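Letter by letter, the chains look like this.
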Amino acid sequence: MADCGLMLTAENVSFAYDRRARLVLDDVSLSVPRGAIVGLLGPNGSGKTTMLRLLSGTLTPTAGRVTLDDVAIAALSRRELARRIAVVPQDTHSAFDFSALEIVLMGRYPHLAAFELEGARDLSIARDALAATGTSALEARLFATLSGGEKQRVVIAGALAQASDVLLLDEPTASLDLGFQLDIAALLSRLNRDRAVTMVVSTHDLNFAAALCTEMVLLKAGRVIGVGPTREVLTRERVRALYGVDADVVDHPRAGHLTVVPLARAD
Amino acid sequence: MRAPTDLRRRIVLTFAGFGTLAAVVCLLAPLVGSTPISMPRVFDRAIPFADNVDAQVFFVARLPRVLAAVLVGASFAVAGVVFQAFLRNPLASPDTLGVSTGATLGAVIVITFHIDTAILGVSAVPVASFAGSAGALGVVYLLSVARRRGTSSTVLLLAGVALSAFLGAVSRLVQVIGDYTDVFRSIRWMMGSLDVGSYTDIVVPLVPMTIALAAIATLPRVLDLVSLGDPAAEARGVDVRRAERIALVSASLLTGSAVSLGGPIPFVGIIVPHIVRLIVGADHRVVLPAAALFGGSFLVVCDLVARTAFGPAGMPVGAVTALIGGPFFLWLLFRRFR
Amino acid sequence: MRRAALALAAVVVAASVLVRADAHRIVSIIPATTEMLFAMGAGDRVVAVGSYDRFPPEVDKLPRVGALLDPNVERILALKPDLLILYSTQTDLRAQMERAGVAYYGYVHRGLPDITQTIRSLGARVGVDAAANALAARIEAQLADIRARVAKSARPKTLLVFGREPGTLRSIDASGGIGFLHDMLETAGGEDVLADTKQQSLTMSTELVLARAPDVIIELRYARGDTTAPADLKAWDALPSVPAVRNHRVFMLQGEEFVVPGPRVAAATERLARTLHPELFK
């Protein structure tokens, strides 16, 4: 396990998009230890994406604050923040014909000065990131022509090229086939281990989260209804509270992690 | 594929290659025309200018046209690139947010109500069309500011389309009030004309054009990042709201200046960016200078064809841009897909 | 060209003879025919005019029913006309009149000779033959007189401009080699510098003006009484090598008679002739 110490925390964070709108997140606190993979789980509309945006600094909390290594992220410049935290959005569409390598090179932007062009070092970091995600062969291909799984891996490579300590991923497997879901889980696990990248993954796929995450935060309607290590938090009762579904939570002998099998609606 | 480390080289090659094209086109274009002139006579100082027909053809009839074409073509092309990147839509054009429709409305009002006052030595129609585009620009700016964080660029695009449709409808309404000679004049203005015949008409819009181009010159890498979506750009440290405001206002300023100088010449702003991308790739640090230089050259060539290939009266340059540009673009596409 | 015009006029006359009946409630949406009707003494039979009719002053009291692009069929029919004068090209309006059983007269906008032809045939159609023929004869006599006067003089190369963006030389609308403006110019003793073009009007570029190098430039403006407008002629100073500019022979003539090919065409032609050959008209 990586050394202890809190890295990224949200302290009593609330958020509403509009002064008069309802709160999307209500008094949420969570902490991401260094080196951990924290899963943000909850049904659609529970505020997961908003939470990620608050953690990355894209949105400012209506109340409370987000800190990175005990420094409020609001005090950091955008560039500084981008060097420390990278984001993998749910979907990435390129309107123009960029190659996979060009997409990954864009991750170097926070490290370059105003009119500085990418140099040899940036190129090798980018290629390294492609190799780490197993997409070196796609370097010259147009991003728009790649499959869903390939695109996702290239985008992750782009986030890696940003050389940040923290990686936030929004539903990384939402549009992927089963095989690619396994690939991404394995990839993220490996990156976490080899490169000591701290991760926060938002997902509604319980099995994917169970396979990957060391800790979990359960969000429902903008509030935390459970937080802690995976094995403690992912229980039958919590699944029912979160999704309204009666499910079996089993430690699968061959998978090596908890698996959730939905059985029936719980009314 | 062009390796990105060669980016410096690609940028240099772009400036050199397209710059040479632009220079050659600009040097040759005033020499060609429907009237034969003799170059030695043009530059013969012994003949007083007032008597020198050849010199007047060169310096009054042709040279301002070429300069206007370069400025207008470059402006439309650069504005097109910027709009396409920020609206994340390859079909966006300088008119997507209604700026040139606003300019058209200004011109139509002045033409229909016979307002003839000149301001700063510039006649009423260019001033009014610039004012119209500034009005539309104001609305675009407010739309951009009002856009809440988290709303997509599609909202901005839709609002712009609605604004454009509304301004177009008001324009037609004004035309209905006017009589048929005014309608004819409006329609003819809308087809574009670069026959400025004076250097004042060029110098005045040059000021806003330069300011706008300088602002856009700070944004090429931002355009790349933003074309992947707001969240991706924000996560990489781009202040998307601020960049968007600068980009849209500058691109609208460019469009408004270009339309007030030459009319709403179609096709250049939407297709030249794509022609350029097919040649140099998608990186905006190469695309922007290439678009400016190629857009200017393209319009000079179109205007040359418009004024020489269709008899003494010539043809409106707006008709020629699509005639030439369309097949050229299709040819480039076929080459690429082979 | 003349033959075609005569043939067309013959057909029109024949057609109007076939539906012969005098007209006493006439709607004319064409400025030229409105002026013709008043000039031939049939003005009291006109019950409505078009949007752009301005002459004679009596038309201001009459209801207006639209024009070429927007004729108001309901208003026309509500006036119960026995003759509607419309453009031959208004096929929809013609069809509607046929359905409503209203007689119509189709007007064709052509050259100078057609003006007097139209006066005669319209007069016959309406039932004021004598007055119409007299009017036509008077006009033809005036034109012949002008032609005779200028016959011996040199014909200056003339550019006739009927529109331009004020303050600049952009969007110059010039009269081309066909049409009544061209015919008027030739009758008035000018040589049309654009005689070789086969269009009624064209947009001139500055280069074309320099190339054709007219001796005289005449700008026609139809808003009369605008005292500031002649100052706008200094825009032509941008082309000092043009003989007309060099010799200060750039003129502006104001008045609707240059826009409307009607009975005032002889007066208009005389104004042109005076401008081109001032010495002949003391």
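If you're wondering where the values come from, they're calculated on a predicted model, not measured in any experiment.

Here we come to the overall build of chain C. Scanning chain C from terminus to terminus reveals ten helices and ten strands. Its C-alpha atoms give chain C a radius of gyration of 20 Å, within 12% of the compact-globule value 19 Å for 282 residues. When its C-alpha atoms are laid out on the principal axes, chain C stretches across 60 × 35 × 30 Å. Residues counted as buried form 47% of the 282 residues belonging to chain C.

Attention now moves to the overall build of chain A. A tally of helices and strands in chain A yields nine helices and twelve strands. For chain A, the C-alpha radius of gyration of 19 Å lies close to 18 Å, the compact-globule estimate for 267 residues. Burial analysis of chain A (267 residues in total) assigns 46% to the buried set. The long-range share in chain A, meaning contacts at least 24 apart out of those at least 6 apart in sequence, stands at 65%.

Generally speaking, nonpolar side chains in soluble globular proteins are found buried as a group. Val104(A), Val72(B), Ala77(B), Val78(B), Val82(B), Ala291(B) and Phe294(B) are the most contacted members of the largest nonpolar core, which totals 181 residues. The dominant element in this core, judged by the number of residues it contributes, is helix H3 (residues 53-86) of chain B, at 17 residues. For Phe294(B), the residues in contact, after removing those within four places along its chain, are Phe18(B), Ala77(B), Val272(B), Ile275(B) and Val276(B). With 83 residues, the next largest nonpolar core counts Phe58(B), Val27(C), Ile146(C) and Val265(C) among its residues.

All names here are of chain A. The strand order across the open sheet built from six strands is E6-E7-E8-E3-E9-E10, with neighbouring strands paired in mixed fashion. Unpaired on one side and paired on the other, strand E6 (85-88) and strand E10 (223-229) mark the two borders of the sheet. In this sheet, neighbouring strand axes are inclined to one another by 15° on average, regardless of whether the strands run parallel or antiparallel. Of the pairings in the sheet, the one linking strand E7 (residues 166-170) to strand E8 (residues 198-203) comprises five bridges and is parallel in character. Each residue of the ladder has a partner; that of Leu168, found in E8, is Val200.

Residues and elements named next belong to chain C. As judged from the four bridges shared by strand E3 (residues 83-87) and strand E4 (residues 104-107), these two strands associate in the parallel manner. Paired with Tyr87 across the bridge in E4 is Tyr107. Where the polypeptide runs from E3 across helix H4 (residues 91-100) and back to E4, its parallel neighbour, the crossover connection is right-handed.

Residue and element names in this part refer to chain C. Each assigned domain of chain C is listed here: domain 1 (19-144) and domain 2 (154-281). Distance between the C-alpha centres of domain 1 and domain 2: 29 Å. On the domain 2 side, the residues contacting the 16 residues of domain 1 number 15 residues. Within the residue set of the side of domain 1 that touches domain 2, elements represented by two or more residues are helix H2 (31-39), helix H5 (112-126) and helix H6 (129-150). Examining the composition of the side of domain 1 that touches domain 2, we find that five residues originate from one element, H2, more than from any other. Classifying every residue of the side of domain 1 that touches domain 2 gives eleven nonpolar, three polar and two charged.

Bringing the interface of chain B and chain A into the picture now. Across the contact, 27 residues belong to chain B and 32 residues belong to chain A. For the side of chain B that touches chain A, the secondary-structure elements that each account for two or more residues are helix H1 (7-28), helix H9 (220-226) and helix H10 (230-235) of chain B. Among the elements that make up the side of chain B that touches chain A, the one with the highest residue count is H10(B) (four residues). A per-class count over the side of chain B that touches chain A returns ten nonpolar, six polar and eleven charged.

Here we come to the packing of helix H5 (residues 124-146) of chain B against helix H11 (residues 240-262) of chain B. Residue and element names in this part refer to chain B. The interhelical angle for the contact between H5 and H11, taken along N-to-C directions, is 165°, at an axis separation of 8 Å. In this view, H5 runs roughly antiparallel relative to H11, as classed from their interaxial angle. Crossing geometry of H5 relative to H11 is assigned as right-handed. Of H11, the residues touching H5 (which contributes Pro126, Ser129, Phe130, Ser133, Ala134, Leu137, Val140, Tyr141 and Ser144) are Glu244, Arg245, Leu248, Val249, Ser252, Leu253, Thr255, Gly256, Ser257, Val259, Ser260 and Leu261.

This next bit is on the interface of chain B and chain C. Residue-level contacts link 31 residues of chain B with 26 residues of chain C. For the side of chain B that touches chain C, the element with the highest residue contribution is H3(B), accounting for six residues. Across the side of chain B that touches chain C, the residue classes break down as twelve nonpolar, eleven polar and eight charged.

The omega torsion of the bond from Phe55(C) to Pro56(C) falls at -5°, within 30 degrees of zero and hence cis. Tracing the backbone shows Pro56(C) in the loop between strand E2 (46-49) and helix H3 (73-78). Residues other than glycine seldom take positive phi values, yet Asp69(A) does so here, at roughly 50°. Assignment of secondary structure puts Asp69(A) in the loop between strand E4 (63-68) and strand E5 (71-72). The phi angle at Lys80(C) is positive, at roughly 50°, despite the residue not being glycine. Positionally, Lys80(C) belongs in the loop between H3 and E3. For Lys80(C), a count of 10 C-beta atoms within 10 Å corresponds to the exposed category.

On to H2(C). Residues and elements named next belong to chain C. The buried fraction of H2 amounts to nine of the nine residues, a majority that puts the element mostly inside the structure. Looking at H2, one finds that the buried residues are Pro31, Ala32, Thr33, Thr34, Glu35, Met36, Leu37, Phe38 and Ala39. Turning to H2, the residues buried within the fold contact strand E1 (26-28), E2, E3, E4, H5 and H6. Gly41, located one to two residues past H2, shows a positive phi value of around 85°.

Residue and element names in this part refer to chain C. Spatial ordering of the open sheet is given by E2-E1-E3-E4, a layout of four strands whose pairing is parallel. At either end of the open sheet lies a strand with only one pairing partner, and these are E2 and E4. Ignoring strand direction, the axes of neighbouring strands in this sheet form an average angle of 20°. Pairing analysis gives three bridges linking E1 to E2, with the strands arranged parallel. Bridging from a neighbouring strand, Ile26 pairs with Val46 of E2.

Our next topic: the pairing of strand E9 (residues 216-221) of chain C. All names here are of chain C. Within E9, six of the six residues are buried, which leaves the element mostly enclosed by the surrounding structure. Burial of the side chains of E9 extends over both faces: Val216, Ile218 and Leu220 are buried on one face and Ile217, Glu219 and Arg221 on the other. Across four bridges, strand E5 (residues 157-163) lies against E9 in parallel orientation. Paired with Leu159 across the bridge in E9 is Ile217. Looking at chain direction, E9 and strand E10 (residues 250-254) are connected through five bridges and run parallel. Of the residues in E10, the one forming a bridge with Glu219 is Met252.

Let's shift gears to the environment of Glu186(C). All names here are of chain C. Here Glu186 lies in helix H7 (residues 180-187). Assessed through the 20 C-beta atoms surrounding it within 10 Å, Glu186 is described here as buried. The spatial distance from the C-alpha of Glu186 to the C-alpha of Arg155 is 8.8 Å, given a sequence separation of 31 residues.

Residue and element names in this part refer to chain C. In this model, chain C carries an average pLDDT of 89, and 96% of its residues clear a pLDDT of 70 or more. Put simply, helix H1 (residues 2-18) is where chain C has its lowest mean pLDDT, 70, and strand E7 (residues 191-192) is where it has its highest, 95. Taken together, the chains of this predicted complex give a pTM of 0.87 and an interface ipTM of 0.88.

In a pair of packed helices, the angle between the axes and the distance between the axes together describe the arrangement. Residue and element names in this part refer to chain B. Where helix H4 (residues 99-112) contacts H11, the axes come no closer than 9 Å and their chain directions differ by 35°. Where H4 crosses over H11, the handedness of that crossing is right-handed. In contact with Val99, Ser100 and Ala103 of H4, H11 contributes Ser252, Thr255, Gly256, Val259 and Ser260. When the residues that make up the contact of H4 with H11 are grouped by side-chain class, the tally is three nonpolar, five polar and no charged.

Quick notes on the rules
- Residues numbered from 1 in each chain as written.
- Chains lettered and ligands numbered in written order.
- Predicted model: local features only at pLDDT ≥ 70, side-chain atom pairs only at ≥ 80, totals over all residues.
- Helix = DSSP H or I, 4+ residues; strand = E, 2+ residues; numbered from the N terminus.
- Rg over C-alpha atoms; globule rule 2.2 N^0.38 Å.
- Buried ≥ 20, exposed ≤ 12 C-beta atoms within 10 Å, placed from the backbone.
- Contact = placed C-beta atoms within 7 Å.
- Core = buried A, V, L, I, M, F, W, Y, C linked by C-beta atoms within 7 Å.
- Pairing = 2+ DSSP bridges.
- Axes fitted to C-alpha atoms, helices over the stretch in contact; angles between N-to-C directions.
- Right-handed = clockwise from strand over helix to strand, strands pointing away.
- Domains from an automatic or database assignment.
- Nonpolar A, V, L, I, M, F, W, Y, C, P; charged D, E, K, R; others polar.
- Parallel < 35°, antiparallel > 145°, perpendicular 65-115°, else oblique.
- Left-handed = near helix turned anticlockwise from the far one by under 90°.
- pLDDT = per-residue confidence, 0-100.

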